[in-house]
Amino acid sequence: MKNKKILIYVLILPLVVVSGLVFANRVIKNETKPSPKPLSIADRKAHMADDRKKWEASPDGIKYKEWEVSPEGKKVHASADKIRKYIKAFANMEAVVTSVTFQRTNAKSSGPKWLIVRIDGEEYMMQFIPKDFQQLNSLKVNDKIIVRSRSAGYSSNHPYLIISGDYIERNNKILFKRDFSKNNHC
């Protein structure tokens with residue numbers, strides 16, 4: 001029995017020594033590598049421009065560029081220009097609900113929910129996860145609401161400009177207010 005213990009110790013000891021050396025060597029190699037220098041602003045802009053050119057040459061980029069110059073794309077861009085100052089200032093926009101049941105074709109029922117609103121004669125889309133959309137269940141078509149948004153986005157797959165619904169109120173009652181504290185204000 002004593003011989004078996006000695007044999008086990010003899011077999012385990014080289015394993016411990018070799019693994020310790022391998023680990024120590026890996027740590028030393030990681031410490032001796034110089035950290036990459038952060039890119040200058042000009043280098044970052046050049047890199048972003050190169051990436052954008054590659055994307056614009058891709059099939060998706062070509063499709064998007066064609067959409068941008070189409071009547072639909074021009075209409076979406078014009079609607080963005082109409083509300084740009086409100087988004088920059090995170091200011092109140094008076095809106096009328098035009099649809100609470102909009103669903104993209106081929107969309108899953110558990111997917112995002114859409115609220116379509118009219119602001120200054122233009123239609124806009126707001127996307128919500130189902131949990132957030134539950135807070136808006138009381139809305140009906142033709143309801144007048146106040147909307148505040150921090151951002152807007154274009155998509156060739158959507159008929160209207162997509163604005164973030166960060167704050168929605170009806171009759172001086174807040175229906176929805178996006179909580180930015182849980183994602184570090186991103």
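In what follows, the structure referred to is the one given above.
Everything in this summary refers to the structure shown in the same document. (Residues numbered from 1 in each chain as written. Predicted model: local features only at pLDDT ≥ 70, side-chain atom pairs only at ≥ 80, totals over all residues. Heavy atoms only, no water.)

Describing the overall build of the protein
A count of helical and extended segments in the protein gives five helices and eight strands. The order of helices and strands in the protein, counted from the N terminus, is α-α-α-α-β-β-β-α-β-β-β-β-β. Here the protein, with 186 residues, has 27% of them falling under the buried criterion. Within the protein, residue pairs in contact and separated by at least 24 positions form 53% of the contacts whose partners lie at least 6 positions apart. Split by element, the accessible area of the protein, about 13700 Å² in all, is 58% carbon and sulfur. (Helix = DSSP H or I, 4+ residues; strand = E, 2+ residues; numbered from the N terminus. Buried < 20%, exposed > 50% of the residue type's maximum accessible area, 1.4 Å probe, protein only. Contact = heavy atoms within 4.5 Å. Areas by Shrake-Rupley, 256 points an atom, 1.4 Å probe, with all protein chains shown as cover.)

Considerations on the nonpolar core
Ranked by internal contacts, the top residues of the largest apolar core, which has 25 residues, are L115, V117, L136, I163 and I168. Sort the elements by how many residues they give to this core and helix 4 (residues 71-89) lands first, with four residues. Once residues within four sequence positions are removed from consideration, L115 is found in contact with V97, S99, V100, Y124, M125, M126, F128, F133, L136, L139 and I168. (Core = buried A, V, L, I, M, F, W, Y, C linked by side-chain atoms within 4.5 Å.)

Regarding the environment of R148
Within the secondary structure, R148 is located in strand 4 (residues 144-148). Of the residues examined, R148 reaches a relative accessible area of 22% and is grouped as partly exposed. Considering only alpha carbons, one finds R148 and Y167, 19 residues apart in sequence, at a separation of 5.0 Å. With near-sequence residues (within four places) excluded, R148 lies in contact with F90, A91, N92, S164, G165, D166 and Y167.

Thoughts on the pattern of salt bridges
Here the idea is simple: oppositely charged side chains can pair when their charged atoms come close. Using the criterion set out here, one finds 10 salt bridges in the structure. For R118, the salt bridge is made with E123, and the minimal N-O distance between the two is 2.9 Å. For the salt bridge of D132 with R178, the shortest nitrogen-to-oxygen distance reads 3.9 Å. Placement of D132 in helix 5 (residues 130-133) and of R178 in the segment after strand 8 (173-177) is noted, with a sequence separation of 46 residues between them. (Salt bridge = Lys/Arg side-chain N within 4 Å of Asp/Glu carboxyl O.)

A look at the sheet that holds strand 2 (residues 113-119)
With mixed pairing, eight strands are arranged side by side in an open sheet as 5-6-3-2-1-4-7-8. Two strands bound the open sheet, and with one partner strand each, they are strand 5 (152-153) and strand 8. In terms of strand pairing, strand 5 meets strand 6 (residues 161-163) through two bridges, oriented antiparallel. Along strand 6, the bridge assignment pairs G153 with I162. (Pairing = 2+ DSSP bridges.)

Topic: the packing of helix 2 (residues 41-57) against helix 3 (residues 59-69)
Close contact between helix 2 and helix 3 brings their axes to 4 Å; oriented N to C, the two are set at 80°. One way to sum up the angle between helix 2 and helix 3 is to call them roughly perpendicular. Across the interface between the two elements, W55, E56 and A57 of helix 2 pack against P59, D60, G61, I62, Y64 and K65 of helix 3. (Axes fitted to C-alpha atoms, helices over the stretch in contact; angles between N-to-C directions. Parallel < 35°, antiparallel > 145°, perpendicular 65-115°, else oblique.)

Quick word on unusual backbone geometry
Phi at D120 takes a positive value of approximately 50°, unusual for a residue other than glycine. With respect to the helices and strands, the residue D120 is situated in the loop between strand 2 and strand 3 (122-128). Notably, N142 is not glycine yet its phi reads approximately 80°, a positive angle. Judged by its relative accessible area of 58%, N142 falls in the exposed class.

Overview of the side chain of S99
The topology assignment puts S99 in strand 1 (residues 93-99). At a separation of 3.2 Å, a polar atom in the side chain of S99 contacts the main-chain amide nitrogen of F102. With near-sequence residues (within four places) excluded, S99 lies in contact with W114, L115, I116 and V141. (Polar contact = N/O pair within 3.5 Å; in protein donor to acceptor, adjacent residues only side chain to side chain.)

Notes on the packing of aromatic side chains
Tallying each qualifying case throughout the model produces five aromatic pairs. Arranged with centres 5.7 Å apart and planes meeting at 55°, the rings of W55 and Y64 form a pair that is tilted. Judged by its relative accessible area of 15%, Y64 falls in the buried class. Taken together, a centroid distance of 6.4 Å and an interplanar angle of 85° make the contact between F102 and W114 edge-to-face. One end of the pair, F102, is in the loop between strand 1 and strand 2; the other, W114, is in strand 2, with 12 residues separating them in the sequence. Exposure remark for W114: the relative accessible area of 5% places this residue in the buried category. Looking at R150, its charged tip hangs above the ring of F90, at a distance of 4.0 Å from the centre. (Phe/Tyr/Trp six-rings, centres within 6.5 Å; stacked < 30°, edge-to-face > 60°. Lys NZ or Arg CZ within 6 Å of the ring centre and 35° of its normal.)

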